[in-house]
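Chain by chain, the residues run as shown.
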Protein chains: 2
Amino acid sequence: MYERKILPHLNCGLDLVGEVLYGKWKIRILWFIHEGHKRPSELLRKIPDVSRRVLNIQLKELEEHELVTRKIYAVMPPKVEYDLTEFGKTLIPIMHTIGLWGDEHQERLKRVILKQFQDNDANEA
Amino acid sequence: MYERKILPHLNCGLDLVGEVLYGKWKIRILWFIHEGHKRPSELLRKIPDVSRRVLNIQLKELEEHELVTRKIYAVMPPKVEYDLTEFGKTLIPIMHTIGLWGDEHQERLKRVILKQFQDNDANEA
DNA sequence: TCATATAGGGAGAAATTTATCCCTATTGTT
DNA sequence: AACAATAGGGATAAATTTCTCCCTATATGA
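The rules behind these values
- Residues numbered from 1 in each chain as written.
- Chains lettered and ligands numbered in written order.
- Predicted model: local features only at pLDDT ≥ 70, side-chain atom pairs only at ≥ 80, totals over all residues.
- Heavy atoms only, no water.
- Helix = DSSP H or I, 4+ residues; strand = E, 2+ residues; numbered from the N terminus.
- Rg over C-alpha atoms; globule rule 2.2 N^0.38 Å.
- Buried < 20%, exposed > 50% of the residue type's maximum accessible area, 1.4 Å probe, protein only.
- Areas by Shrake-Rupley, 256 points an atom, 1.4 Å probe, with all protein chains shown as cover.
- Salt bridge = Lys/Arg side-chain N within 4 Å of Asp/Glu carboxyl O.
- Least-squares fit on C-alpha atoms with pLDDT ≥ 70 in both.
- Contact = heavy atoms within 4.5 Å.
- Near = heavy atom within 4 Å.
- Polar contact = N/O pair within 3.5 Å; in protein donor to acceptor, adjacent residues only side chain to side chain.
- Phe/Tyr/Trp six-rings, centres within 6.5 Å; stacked < 30°, edge-to-face > 60°.
- Lys NZ or Arg CZ within 6 Å of the ring centre and 35° of its normal.

Per an unreviewed UniProt entry, the recorded name for chain A is Transcriptional regulator, and the organism is Chitinophaga oryziterrae.

Rendered as structure tokens:
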């Protein structure tokens, strides 16, 4: 496992939120768990771009940050279920607001994000 | 300048938001600009942990993403002012909600974040 | 017997982000 | 003359995150 060398800055609320929500897939993981897709295999199907490895790591971090719980069923094949903790549930309005903003401004966001790549392509040609 | 090699995933609103708000200092930069600290030197003083270099880069990205405008005054020494665009202003409620959550849960967040570092220290000792 | 589904870890590479150090330029101040 | 404040870029290093590939293990079904 990678071990951090630098202590994070924890000066304000935004620093703290960053520490637990930074991570390419974390908000989506939380959101899908909230929607009832609790098993790792389900999450993999819902988020096809994440690798199994990274999903595991981010789930473990979310668990360490007390945003989700992990319940292991003693069955074979293995079954694991994640749930939002009460603390994790307090994030639902935030995730909702963020997702909504992204959906509302979808066209514009796609345009400004892809702009850079088109510039790059033009330079390469 | 670093040039990205991999096209980002833009499957849902959350992907799009991530593309423009990912960046260690971006939300804080936007927030302080919103609060009226518009000049780079002011931002540096408000966010002492960010380096001048990284501030410049993230400001430029925010500008490319049409969240802020950059106004250059033809004076000496140089003067530059950033402002939120109308588009950027639509983020204010989100930034506000996120910061509030962080402040509300400050104690708990600090505890769960620092927990890992204490574990590491223990292992090293 | 062999493939599949389940859950997960280790090692190491690759990509990306952030930080550091050193430049340019101008005006005013000590 | 030397130095600070202003804004910003280039090169490069360091830190961090993400990805890829390859392992373990067990029960079920073909």
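1. Remarks on the overall build of chain A
When you go through chain A residue by residue, the secondary structure sums to seven helices and two strands. Counted from the first residue to the last, chain A has its helices and strands arranged as α-α-α-α-β-β-α-α-α. In terms of overall dimensions, chain A is more spread out than a globule: its C-alpha atoms have a radius of gyration of 18 Å, far above the 14 Å expected for 125 residues. Taken over the C-alpha atoms alone, chain A extends approximately 55 × 40 × 30 Å along its principal axes. Within chain A, buried positions represent 42% of all 125 residues. When the accessible area of chain A is evaluated, it comes to approximately 7,400 Å², of which 53% is carbon and sulfur surface.

2. A word on the pattern of salt bridges
Going through the model one piece at a time under the given rule, you end up with 18 salt bridges over all chains. Between Glu-19 of chain A and Arg-4 of chain A there is a salt bridge whose closest N-O contact spans 2.9 Å. You can see Glu-19 of chain A sitting in helix α1 (residues 13–21) and its partner Arg-4 of chain A sitting in the segment before α1, a full 15 residues away along the chain. Judged by its relative accessible area of 18%, Glu-19 of chain A is buried. Taking relative accessible area as the criterion, Arg-4 of chain A reaches 38% and is therefore assigned partly exposed. Linked by salt bridges that have partners in common, Glu-66 of chain A together with Arg-108, Arg-111 and Lys-115 of chain B make up one network.

3. A short note on the relation of the copies chain A and chain B
Between the two copies, chain A and chain B, the superposition gives an RMSD of 0.0 Å; the rotation angle is 180° and the shift along the axis is 0.0 Å. This pairing of chains is accounted for by a two-fold axis. Here 100% of the interface residues in chain A have copies in chain B that are interface residues too; the copies meet face to matching face.

4. Some remarks on the protein's contact with DNA strand C
What surrounds DNA strand C is a group of 26 residues, the closest being Arg-70 of chain A together with Tyr-2, Lys-5, Lys-24 and Gln-58 of chain B. Near the protein, within 4 Å, the atoms of DNA strand C are sugar or phosphate in 70% of cases. Taking Arg-39 of chain A, its side chain carries an N or O atom lying 3.1 Å from a sugar or linking oxygen of DNA strand C. At 2.7 Å, a side-chain N or O of Gln-58 of chain B approaches a phosphate oxygen of DNA strand C.

5. Structural notes on the side chain of Glu-81 of chain B
Residue and element names in this part refer to chain B. Relative to the elements of secondary structure, Glu-81 occurs in strand β2 (residues 79–84). Residue class for Glu-81 comes out buried when judged on its relative accessible area of 15%. Dropping the residues within four chain positions of it, Glu-81 is found in contact with Lys-38, Arg-39, Thr-69, Arg-70, Lys-71 and Tyr-73.

6. Quick notes on the packing of aromatic side chains
Counted according to the given criterion, the structure contains three aromatic pairs over all chains. Here Trp-101 of chain A and Phe-87 of chain B contribute two aromatic rings whose centre-to-centre distance is 5.5 Å and whose plane-to-plane angle is 15°, an arrangement assigned as stacked. Taken together, the positions of Trp-101 of chain A in helix α6 (residues 92–104) and Phe-87 of chain B in helix α5 (residues 86–89) put the pair across two chains. Judged by its relative accessible area of 5%, Trp-101 of chain A is buried. The residue whose ring lies beneath Lys-79 of chain A is Tyr-73 of chain A, and the NZ or CZ to ring-centre distance is 4.7 Å.

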